[in-house]
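Here are the chains, one letter per residue:
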Amino acid sequence: MFGFFLKKSFCDFWDNLLYCFFCNTFLLIGGAAVILGMSSLANAPALSESLQMITSIGLSVIGTFVVVMFYVNLNRHAKEIAFYKAPSLKETFQGIGSNWKEALVLIVMIIAIVLIVLVGIPFYLHMGSLFGLFLASMLFWAVFITILAMQWFLPLRAQLDDPVLKSVRKSFLLFFDNPGFTLGMFLYTLVLTVLSVFLVGLMPSFMGLLVEWNVALKLRMYKYDWIEEHPEVPLKEVKNHLNWYDLLEYDRDTIGPRTLKSFLFPWK
């Protein structure tokens with residue numbers, strides 16, 4: 001099943017290569033322009049040094065929040081790609097403001113993770129005791145599990161449209177129910193991230209990750225649909241009864257065999 005997940009993620013992204021390239025480029029240029037522009041406004045000579053610092057931080061936070069809202073908005077179009085729909089450039093910029101809750105959750109979690117990694121874990125390690133080492137290790141695993149689980153957050157918001165906090169809770173439930181698959185997703189995410197850095201953030205970058213995560217949830221939901229259709233099967237025995245080959249039949253037929261021409265000319 002994981003092999004097909006990799007294939008579908010790559011094919012879905014490649015089939016929408018031009019659209020994803022546009023979104024990545026716009027997000028990079030727009031994000032840099034917003035953040036740098038607001039920071040430069042704060043450096044006006046008329047402001048005192050302390051006020052410049054406060055204004056710079058405040059405007060940078062606002063700019064970052066706007067950029068994250070746009071990124072979250074792209075998640076809706078990544079979901080369309082995962083479901084074999086062609087996103088519209090016209091709709092790319094619609095409804096950005098409605099994503100403020102997801103953006104807030106992501107920013108809060110990122111800040112919390114950074115503080116724990118840079119402040120919390122070193123603090124307990126410097127205690128120089130087994131108890132401090134224990135607390136530091138607990139924080140490390142809490143951060144690691146949170147990072148793994150939050151891969152499900154944006155796809156859950158796009159595909160199930162549950163309340164934000166409920167989506168956060170479901171993200172952790174999905175992780176604990178699918179730890180191996182989630183870890184595999186994370187390793188694939190690292191590969192895409194390294195590749196994105198090498199390609200200056202243009203490919204596969206932001207859209208590549210969103211498509212990957214949405215494809216993962218789409219395919220994994222077949223498991224839970226099967227469980228609902230077969231309530232007589234105990235949850236502990238579900239793994240022994242699942243036939244992923246049959247569950248993925250529609251997606252296999254939709255993607256079909258791929259030729260070199262289809263990869264070189266995905267827009268045809």
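Worth saying up front: this structure is predicted, and the values here are computed from it rather than measured. Positions within a chain are numbered from 1, following the residues in the order the chain's sequence is written. Given that the model is predicted, a residue must reach a pLDDT of at least 70 before its local features are reported, and side-chain atom pairs must reach 80 or more before they are shown or counted; all residues, however, enter totals for whole chains, interfaces and linings. Hydrogens and water are ignored here; the side-chain numbers use all heavy atoms of the structure.

1. Focus: the nonpolar core
As a reminder of what qualifies: We call a set of buried residues a nonpolar core when its members are Ala, Val, Leu, Ile, Met, Phe, Trp, Tyr or Cys and they connect through side-chain atoms within 4.5 Å of each other. Exposure is judged per residue with a 1.4 Å probe applied to protein chains only, and the accessible area is read against the type maximum: over 50% gives exposed, under 20% gives buried, and values in between give partly exposed. Elements are defined by DSSP. Helices are runs of H or I of four residues or more, strands are runs of E of two residues or more, and each kind is numbered from the N terminus. The contact rule is simple, with two residues in contact once any of their heavy atoms fall within 4.5 Å.
Judged by nonpolar contacts, the single largest core of 56 residues is most densely connected at Phe5, Trp152, Phe153, Met207 and Leu210. At 13 residues, helix 9 (residues 205–229) tops the list of elements feeding residues into this core. The residues touching tryptophan 152, leaving out its near neighbours within four places in the chain, are Ser171, Leu174, Phe175, Phe181, Thr182, Met185, Ala216, Leu217 and Arg220.

2. Some thoughts on the side chain of threonine 189
Where we set the bar: Polar contact criterion, stated in full: a pair of N or O atoms within 3.5 Å, where within protein one must be able to donate a hydrogen and the other to accept it, and residues adjacent in sequence count only if both atoms are side-chain atoms.
Inspection of the secondary structure puts threonine 189 in helix 8 (residues 179–198). Threonine 189 gets classed as buried once you look at its relative accessible area, which sits at 9%. Side-chain polar atoms of threonine 189 contact the side chain of tryptophan 213, separated by 3.2 Å. If we ignore the near neighbours within four places in the chain, the residues touching threonine 189 are Gln151, Leu209, Glu212 and Trp213.

3. Examining the pattern of salt bridges
Basically, it comes down to this: Salt bridge, as applied in this entry: a Lys or Arg side-chain nitrogen positioned within 4 Å of an Asp or Glu carboxyl oxygen.
Evaluation of the coordinates by the stated rule reveals seven salt bridges. The shortest N-O distance in the salt bridge between lysine 8 and aspartate 12 comes to 2.6 Å. Here the residue lysine 8 and the residue aspartate 12 both occupy positions in helix 1 (residues 2–15), the gap between them amounting to four residues, near one helical turn. What makes aspartate 12 buried here is its relative accessible area of 2%. A salt bridge links aspartate 15 to arginine 258; the shortest N-O distance between them is 2.9 Å. With a gap of 243 residues between them, aspartate 15 in helix 1 and arginine 258 in the loop between helix 12 (249–255) and helix 13 (260–264) connect regions that are remote in the sequence. We classify aspartate 15 as partly exposed; its relative accessible area is 30%. Here arginine 258 falls in the partly exposed class, since its relative accessible area comes to 25%. When salt bridges that share partners are traced, they join Glu102, Arg157 and Asp161 into one network.

4. Here we look at the packing of helix 1 against helix 8
What counts is decided by this rule: For helices, the axis comes from a line fit to the C-alpha atoms of the stretch in contact; other axes are also lines fit to C-alpha atoms, and the angle between any two N-to-C directions lies between 0 and 180 degrees. An angle below 35 degrees is read as roughly parallel, one above 145 as roughly antiparallel, one from 65 to 115 as roughly perpendicular, and any other as oblique. For any helix crossing, the convention is left-handed if the near helix is rotated counterclockwise from the far helix by under a right angle, and right-handed if that rotation is clockwise.
Following both chains from N to C, one finds helix 1 and helix 8 inclined at 40°, their axes separated by 11 Å at the closest point. Our classification of the angle between helix 1 and helix 8 gives oblique. For the element pair helix 1 and helix 8, the recorded crossing hand is right-handed. Of the residues in helix 8, those touching helix 1 at Phe2, Phe5, Leu6, Ser9 and Phe10 are Phe181, Gly184, Met185 and Tyr188.

5. Considerations on the packing of aromatic side chains
Stated precisely, the cut-off is as follows: Centre distance within 6.5 Å is the pairing criterion for rings of Phe, Tyr and Trp, where only the six-membered ring of Trp is used; planes under 30 degrees apart are then read as stacked, over 60 as edge-to-face, and the remainder as tilted. Whether a charge sits over a ring depends on NZ of Lys or CZ of Arg being within 6 Å of the ring centre and within 35 degrees of the ring normal.
Following the criterion strictly, the structure yields 19 aromatic pairs and no others. Note on phenylalanine 22 and phenylalanine 26: the rings are 6.2 Å apart at their centroids and 25° apart in plane angle, and the pair reads as stacked. Of the two residues, phenylalanine 22 and phenylalanine 26 both sit in helix 2 (residues 17–41), four residues apart, roughly one turn of that helix. For phenylalanine 26, a relative accessible area of 37% corresponds to the partly exposed category. For the pair tryptophan 152 and phenylalanine 181, a centre-to-centre distance of 6.1 Å together with 25° between the ring planes defines the contact as stacked. In this pair, tryptophan 152 is assigned in the loop between helix 5 (130–149) and helix 6 (153–159) and phenylalanine 181 in helix 8, connecting sequence segments 29 residues apart. Taken individually, tryptophan 152 and phenylalanine 181 each receive the classification buried, so the pair is uniform in this respect. In this arrangement the basic side chain of lysine 79 is found over the ring face of phenylalanine 83, its NZ or CZ atom lying 5.5 Å from the centre. Positioned above the aromatic ring of tyrosine 245 is the side chain of arginine 252, whose terminal nitrogen or guanidinium carbon lies 3.7 Å from the ring centre.

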